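Working through the structure, step by step
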Amino acid sequence: MNDEQKLEEAKALVARLVELETEVTGIVGGFKKKEDFARRFLNFSHNTWTQLKAHTYYDGRIWSKSDDMRECISDIEGRLPQLRAAKAYEKTFLETAFVKAAKGRVSRARDDADGRRIVVCLAPTGYGKTAVANYFVSKGAVKVEGSQSWKSSYRSFCSAIATACGTPVPVGAKQDRAEEAMLKALSTRDGTLVIDEANTLSGPCANGIKEIVNRTGWTVVLLAIPEFWDSFLEGNQGEVRQVINRCQRVIRQETILTEDVKLFLKRQGLPEAFASDVTAEANYFGGFRTVNSLIDEIKGDPTKDSLDKAVRRFRQNVAAFNLKK
């Protein structure tokens, strides 16, 4: 293939990427900064993309980026269904105070001048950590769930993150190679990494998170149960200090708010006057799981009498299974 043919092929690739940029921009509702499309979806810089669109990159020899453009096209086309599903998810998503706080911290973390790109969100089981994770995944974040193996294996931590980013680590790879694969997988673009069950982290994993923040453009969101996180801090003070220095202010969700419960009731067309009673039970045990459970019980008969009966059954079940400790 001669240079003229390579140029025409490269122009077609640029044209397809422009189409995809337009489509993605429409799906996500636009980008805050002109560089954000490249940061999230391309494996080269915004400046390079601008030059490619103008056909001026590398003195017009834009075919030198053809392989990179093909890779980006394949990646974006593969992500379109998820992006569309995420947009649909937004229409039913309830933005609680916990989610709003997490959104705000992540927004600040991404452009923090001091490199504080770690956001820690703590909440008991049922108090909204899954909703926070789902929200960021709907916005294109990569999610990894913590594993007990991380407590004794840094390689397992690195492998899980690399695999989640599309770069599986070979079975026989040693720890150093696994770490290299993880950092390489994260280096092609900027993004948000959500680590759920972060209470399974070890000291070496804390160092790994520090390396991610130092050597890539990714923001890391850690979701954990408060008491387990506090134990992790106590047992790994030296390593954790390096992480804390790169953290935004920690978010602790300790109670369910009445205003949040009203969002759930409103979505089901139930009286907001029930919010105080439902909130009290949610904070007694179970958090938002209890909110959803009570709503499911009363939505066929949305009366105060029905709610009172549902609350009595709830309390009996908690007592019977010795759940409240």
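Residues numbered from 1 in each chain as written. Predicted model: local features only at pLDDT ≥ 70, side-chain atom pairs only at ≥ 80, totals over all residues. Heavy atoms only, no water.

1. Some details on the pattern of salt bridges
Worth spelling out the cut-off: Put simply, a salt bridge is a Lys or Arg side-chain nitrogen that is within 4 Å of an Asp or Glu carboxyl oxygen. Working definition: helices are DSSP H or I runs of at least four residues, strands are E runs of at least two. Numbering for both runs from the N terminus. To sort residues, take the accessible area from a 1.4 Å probe on protein chains only and compare it with the maximum for the residue type: under 20% means buried, over 50% means exposed, and anything in between is partly exposed.
Inspection of every chain in the model, using the stated rule, returns 26 salt bridges. Residue Arg-39 is joined to Asp-111 by a salt bridge in which the shortest nitrogen-to-oxygen separation is 4.0 Å. Taken together, the positions of Arg-39 in helix α2 (residues 36–41) and Asp-111 in the loop between α5 (97–110) and β1 (118–122) put the pair 72 residues apart, joining distant regions of the chain. Classification of Asp-111 as partly exposed rests on a relative accessible area of 44%. Of the charged contacts, one joins Lys-304 and Asp-277 as a salt bridge, the two residues approaching to 3.3 Å between their closest N and O atoms. A residue pair is termed long-range when its members are at least 10 positions apart, and Lys-304 in helix α15 (residues 304–320) and Asp-277 in helix α13 (residues 275–284) qualify at 27 residues. Looking at Lys-304, the relative accessible area reads 40%, which means it is partly exposed. The partly exposed category is assigned to Asp-277, whose relative accessible area is 29%. Members of the salt-bridge network, linked through shared partners, are Lys-33, Asp-36, Arg-39, Asp-111 and Asp-190.

2. Looking at the sheet that holds strand β2 (residues 142–145)
Put simply, the rule is: What makes two strands pair is DSSP finding at least two bridges between them. Residues are treated as being in contact if the distance between any of their heavy atoms lies within 4.5 Å. To obtain an axis, a line is fitted to C-alpha atoms, over the contacting stretch when the element is a helix, and the angle between two such axes runs from 0 to 180 degrees between their N-to-C directions.
A sheet is described by the order of its strands in space; here 5 strands give the open sequence β2-β3-β4-β1-β5, paired in parallel fashion. Lying at the two open borders of the sheet, with one neighbouring strand each, are β2 and β5 (251–252). Pairing of β1 with strand β4 (residues 219–224), which is carried by 5 bridges, proceeds in the parallel orientation. For Leu-122, the partnering residue across the bridge sits in β4 and is Ala-224. Helix α7 (residues 154–164) rests against β2 and β3 (192–196) of the sheet, and its axis sits at about 145° to β2.

3. Remarks on the packing of helix α12 (residues 258–267) against α13
Stated formally: Any angle that is under 35 degrees is reported as roughly parallel, and any over 145 degrees as roughly antiparallel; angles of 65 to 115 degrees are reported as roughly perpendicular and all others as oblique. The hand of a helix crossing depends on one turn: near helix anticlockwise from the far one by less than a right angle means left-handed, and clockwise means right-handed.
At a closest axis distance of 9 Å, the pairing of α12 and α13 adopts a crossing angle of 115°. Here α12 is positioned roughly perpendicular relative to α13, judged by the angle of their axes. By crossing handedness, the relation of α12 to α13 is classed as right-handed. Within the contact between the two elements, α12 uses Thr-258, Val-261, Lys-262 and Leu-265 and α13 uses Ala-275, Ser-276, Val-278 and Thr-279.

4. Brief notes about the nonpolar core
Soluble globular proteins tend to bury their nonpolar side chains together. For clarity, the threshold we go by: In this text, buried Ala, Val, Leu, Ile, Met, Phe, Trp, Tyr and Cys residues form a nonpolar core when linked through side-chain atoms within 4.5 Å.
Membership of the largest hydrophobic core comes to 39 residues, with the highest contact counts inside it found for Cys-121, Phe-136 and Val-291. For this core, the elements supplying multiple residues, two or more each, are α5, β1, α6 (129–138), β4, α12, α13, α14 (288–298) and α15. Among all residues touching Cys-121, those that are not within four sequence positions of it are Phe-98, Ala-102, Lys-129, Val-221, Leu-222, Leu-223, Ala-224 and Ile-251. Judged by nonpolar contacts, the second largest core, of 36 residues, contains Met-182, Ile-195, Val-213 and Cys-247.

5. Topic: the packing of aromatic side chains
Our working definition: Only the six-membered ring of Trp is used, alongside the rings of Phe and Tyr, when aromatic pairs are assigned; centres must lie within 6.5 Å, and planes under 30 degrees apart are stacked while those over 60 apart are edge-to-face, with the rest tilted.
Enumeration over the complete set of coordinates arrives at 11 aromatic pairs. Summarising the aromatic geometry, the rings of Phe-37 and Phe-41 are spaced 5.6 Å apart at their centres and angled 25° between planes, so their arrangement reads as stacked. Separated by 4 residues within a single helix, Phe-37 and Phe-41 lie in helix α2, roughly one turn from each other. We classify Phe-37 as buried; its relative accessible area is 2%. On the basis of relative accessibility, which here comes to 1%, the residue Phe-41 falls in the buried class. Ring geometry for Trp-229 against Phe-232: centres 5.2 Å apart, planes inclined by 50°, an arrangement best described as tilted. Of this pair, Trp-229 and Phe-232 both sit in helix α10 (residues 226–235), 3 residues apart, roughly one helical turn. Neither Trp-229 nor Phe-232 differs from the other in exposure class; each is buried. Taken together, Phe-31, Phe-37 and Phe-41 form an aromatic cluster joined through their ring pairs.

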